[in-house]
Structure formats: C-alpha cells, structure tokens
Amino acid sequence: MPRKLKRSTETWKNLIEALVIESLARTRLEYLAQKARLEGDVEPGRALAEAAGSHARGGLELLELLKDVGDPFVDTLLGSTKQTIDAAIRADTHRGVLRYPGFARMARDEGYDEVAEWFEVLARLERSRTSELKRMMEKLAGP
Amino acid sequence: MKKLSRSDLKPNDEYERTRAAFRAFVIQAKMSRRMVLGPRLHVVFENRRTLHYALQEILRLRGITEGPAIDDEVARFNTLLPASHEMAATLFVEITTPAQGDEWLTKLKNIENCIALSIGDSINVRAFPVEARGLDDRTASVHYLKFRFPDTALDAFHRKKVAVRLFADHANYRFIAEMPPALLAEIRSEVGRGRKSDEEVRDTISLKIQPEDRPHDGKGKS
C-alpha cells in the first residue's frame, strides 16, 4: 500500500518544484516548436512538440500524485468537477496572478512598455476567465 | 460611445498579421491616459479604442474563434464602455511581492468605492464599480470603474481654467493628484454634454466636501 503523501514533507515540496519545472519546460518547448514550424522546419517542429507533450504528461502525473493533499497552487482539494472549477477560479485570485499590475508598473518604470502592456493584458484576462468558469459552476449547480 | 460588436473584431489569424502595429499604436495612445495615484494605485482611462484592443487581445489569449463565446465577451466589454456623460477607468492595485499582497489587498478592501474626481473647489464625482470583484477579506487587483457626470458637474468639468483632480479617500489610503493637461484635454473631448438630470445621479455625486476631508496633495496616508 503506497504511503499517503503529507504536506510539508520534502517529497511534497519536491513534487511542487518538479511541477514548476515541467510546466516551464512544456511552455518553452511549445514556443520553440511554434518557431520551428513558422520557419518551415516541419520535422524539428514535430519533435519539439512531442518533447513538450512529454513534459505536459509528466506534469499531469505530478498533479495526480499531489491531488490527495490538495491543489498545490491554491490549497483546495481536487476531486469532483465542482472542486476543480472552484480551484481554477481561486487560482485567478492567487497571490501570483494578483501581482501582474505591480509587475506592469516595474516594467514601465524600467522602460519596458511592451512588457508592461502584456502584464496588464494578463491581469485583465482574469475577469474573462473567471466569468466563464463561474458560468460553468452555475451550470453544474443546476436549476 | 458606439458599442463594440462582432463586426469590429478581426478573426485571430487575421489579427496576428496586424497585431504588432495595433499594439504599438495602442501602447503609445495609452501613455497619455494613465495616472498614478500614490505608490499602490494606477488608473487607465478607457475609451472605445483601448477597450477594442483589450477585447481583441482577450479573444486571442483565450483562443476564442467562433460561437457565442465571442458574443459573451463583446457583451462583457460593452458594460465597460462609457456612455456620453460618463468616464470609464480601470483601477490597478500594484503589489509586487506576496507579503505586499497579503498586507495591501486586505488593507484596500472596498477601494473601488473610494475613488472620486474633484472639479474645482466644490464638486466631486464619485466613481462606482461596474461589477463587484474581490473576495470577502480582500480587494481584487483590477477594478472597472465609471464616473457619471450630471449637468452641473459636466459644465464645471468643461470650464477651461478649472482644476481637475483624482483622489482616493479610503481609510487606509488617501492620495490626490492633478489630472495632467494632455489627459484632461483628451477626456474633455470624449465626455459629452449628455443631459442626465441631477436627480438621476444624486447617489453618485457629493456636491460639497469640507476642506478637512480632502486628501492632502502629495502627502497621502499609505
């Protein structure tokens, strides 16, 4: 019988760190795959996309291992669809995401107007995303 | 202001081709539409162009290409568009560390109801949030506000030599800043002379404030 994972063990912390590593690797490789395809390099693009996919599947397995102690991002349990949508909504009020307007100010102060604008767009995205997820919650709750 | 509609939008693949130029144009246009209100608040005054751009970017980010999801998003953005006698703004609460977030998002609960425009010495137009945001114990980092001008305020706002200031009068955050001339000129050209009666907007305006209630210029409590 596998041992039940506990929070604040080194293993729990390492799982979360690995999740960040896999997520970053996946996004990075998807970007590189896109660049290769745009340059007409079909085979390299496919290889990079497959590599990105392997990181995605690795990350998903890490989340599966973490689910019994809760969503590592927002400290809620993951189980039913309602719980997962609730976790997704909470993620948009997570401390990380809430810092985007502050990141925009710092970028603007340093002269990086395009970067600042992107942080502002990301900050605005929360409203749209949350509205859609809340609509799903209402649908699940039923009439 | 004319409502946004599907016909204003480019499909995502077509938008990709013109996006760099459109972004550069809007980034430049927004420079004169920003106001800092102390160390934690930043306001962007919105118009149809800035909201059109934001809508196009959101559709692209969410990968929405067809169907009722586009109409839902257009409807959401149209709630932010100012009417002829209104001014619209996005209020950003700026924090950069988790510790700042824990402290300031809690301290600034209800900040969206504590922003107002001061016109001359005796007229205030208080902003109201377009929708409720934030959690029970803290504010959100983005709020969508409108300022609704009745006739008296609108006439005063358009007088050339009148000082126009933006202020925050929250218990934990009091700052006031004069509207820069370039921004004031732009907003004056956009906020029309719609004749909404004073009775209809009485609950969003306080016509007289006492001098001691006004936040100090440049010396906010933060």
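This text gives an overview of the structure that appears in the document. (Residues numbered from 1 in each chain as written. Chains lettered and ligands numbered in written order. Predicted model: local features only at pLDDT ≥ 70, side-chain atom pairs only at ≥ 80, totals over all residues. Heavy atoms only, no water.)

We now examine the overall build of chain A. Across its full length, chain A carries 6 helices and 0 strands. Ordered by position in the sequence, the α and β elements of chain A form the string α-α-α-α-α-α. With respect to the three principal axes, the spread of C-alpha positions in chain A is 50 × 35 × 35 Å. Across the 143 residues that make up chain A, the buried fraction comes to 35%. For chain A, restricting intrachain contacts to residue pairs at least 6 apart in sequence, the fraction spanning at least 24 positions comes to 48%. Taken as a whole, chain A presents about 9,100 Å² of accessible surface, with 57% of it coming from carbon and sulfur. A distance of 6 Å separates the average location of the 24 positive side-chain charges in chain A from that of its 24 negative side-chain charges. (Helix = DSSP H or I, 4+ residues; strand = E, 2+ residues; numbered from the N terminus. Buried < 20%, exposed > 50% of the residue type's maximum accessible area, 1.4 Å probe, protein only. Contact = heavy atoms within 4.5 Å. Areas by Shrake-Rupley, 256 points an atom, 1.4 Å probe, with all protein chains shown as cover. Lys, Arg positive; Asp, Glu negative; His and termini not counted. Charge placed at Lys NZ, Arg CZ, Asp CG, Glu CD.)

The next subject is the interface of chain B and chain A. The interface is formed by 43 residues belonging to chain B together with 26 residues belonging to chain A. For the pairing of chain B and chain A, the buried interface totals around 3,100 Å² over both sides, and the portion due to carbon and sulfur atoms is 54%. Counting the surface chain B buries against chain A, the share from its top three residues, B:Leu61, B:Arg76 and B:Thr96, is 17%. Between chain B and chain A we count 7 salt bridges in total. Seen at the junction of chain B and chain A, the total is 15 residue pairs in polar contact (both at pLDDT 80 or more). Per-element tally for the side of chain B that touches chain A: the top contributor is helix H2 (residues 48-62) of chain B, with 7 residues. Tallied by class, residues from the side of chain B that touches chain A come to 20 nonpolar, 7 polar and 16 charged. (Buried area = accessible area lost by both parts, 1.4 Å probe. Salt bridge = Lys/Arg side-chain N within 4 Å of Asp/Glu carboxyl O. Polar contact = N/O pair within 3.5 Å; in protein donor to acceptor, adjacent residues only side chain to side chain. Nonpolar A, V, L, I, M, F, W, Y, C, P; charged D, E, K, R; others polar.)

With that out of the way, let us pick up the packing of aromatic side chains. The geometry of an aromatic ring pair comes down to the distance between the two centres and the angle between the two planes. Residues and elements named next belong to chain B. Under the counting rule described, the total for this entry stands at 8 aromatic pairs over all chains. Judged by centre distance (6.2 Å) and plane angle (85 degrees), the ring pair of Tyr15 and Phe22 falls under edge-to-face. Owing to a relative accessible area of 1%, Tyr15 belongs among the buried residues under this scheme. Where Phe149 meets Phe157, the ring centres are 5.0 Å apart and the plane angle is 50 degrees; that geometry is what we call tilted. Look at Phe157 and you get buried, because its relative accessible area is 0%. Lys107 extends its terminal NZ or CZ atom over the ring of Trp104, reaching a point 4.4 Å from the ring centre. Cation over ring: Arg188 sits above Phe157, and NZ or CZ is 5.7 Å from the ring centre. (Phe/Tyr/Trp six-rings, centres within 6.5 Å; stacked < 30°, edge-to-face > 60°. Lys NZ or Arg CZ within 6 Å of the ring centre and 35° of its normal.)

Right, let's talk about the layout of surface pockets for a bit. Residue and element names in this part refer to chain A. Roughly 950 Å³ of internal volume is contained in the largest pocket. Forming the boundary of the largest pocket are 20 residues, of which Leu19, Ser23, Leu24, Arg26 and Thr27 lie nearest the centre. Secondary structure elements with two or more residues in the lining of the largest pocket: helix H1 (10-38) and helix H2 (42-66). If you tally residues by element for the lining of the largest pocket, the top one is H1, at 12 residues. Its residues assigned to classes, the lining of the largest pocket comprises 10 nonpolar, 5 polar and 5 charged. (1 Å grid on protein atoms, 1.4 Å probe; cavity = no way out; pocket = protein on both sides within 12 Å on 5 of 7 lines; lining within 4 Å. Points joined across faces, edges and corners; volume = space filled by probe spheres on them.)

Two faces belong to every sheet, and in a regular strand the side chains alternate between them. Residues and elements named next belong to chain B. Most of strand E4 (residues 115-119) sits inside the fold, with 5 of its 5 residues counted as buried. Both faces of E4 are covered, namely the face carrying Ile115, Leu117 and Ile119 and the face carrying Ala116 and Ser118. Across 5 bridges, E4 lies against strand E7 (residues 164-170) in antiparallel orientation. Pairing of Ile115 across the sheet is with Ala168, part of E7. (Pairing = 2+ DSSP bridges.)

What follows is about H1(A). Residue and element names in this part refer to chain A. In a regular helix each residue adds 1.5 Å, so 29 residues correspond to 42 Å; H1 covers 42 Å between its end C-alpha atoms and thus fits that length. The inward-facing, buried residues of H1 abut H2. Following H1 by one or two positions, Gly40 adopts a phi angle in the positive range, close to 85 degrees. (Expected span 1.5 Å × (residues − 1).)

What follows concerns the environment of B:Arg133. You can see B:Arg133 is positioned in the loop between strand E5 (123-129) and strand E6 (142-148). Distance in space between the C-alpha atoms of B:Arg133 and B:His143 is 7.0 Å, their sequence separation being 10 residues. Excluding its chain neighbours within four sequence positions, the residues that come into contact with B:Arg133 are A:Glu126, A:Arg127, B:Glu112, B:Ala140, B:Val142, B:His143 and B:Tyr144.

At their nearest, the axes of helix H6 (residues 113-141) of chain A and helix H3 (residues 68-78) of chain B sit 11 Å apart, and the two run at 120 degrees to each other. When the interaxial angle is binned, H6(A) and H3(B) end up oblique. Crossing of H6(A) against H3(B): the hand is right-handed. The residues of H3(B) that touch H6(A), namely those facing A:Arg127, A:Ser128, A:Ser131, A:Glu132 and A:Arg135, are B:Asp72, B:Glu73, B:Arg76 and B:Phe77. Taken together, the residues of the contact of H6(A) with H3(B) sort by class into 1 nonpolar, 2 polar and 6 charged. (Axes fitted to C-alpha atoms, helices over the stretch in contact; angles between N-to-C directions. Parallel < 35°, antiparallel > 145°, perpendicular 65-115°, else oblique. Left-handed = near helix turned anticlockwise from the far one by under 90°.)

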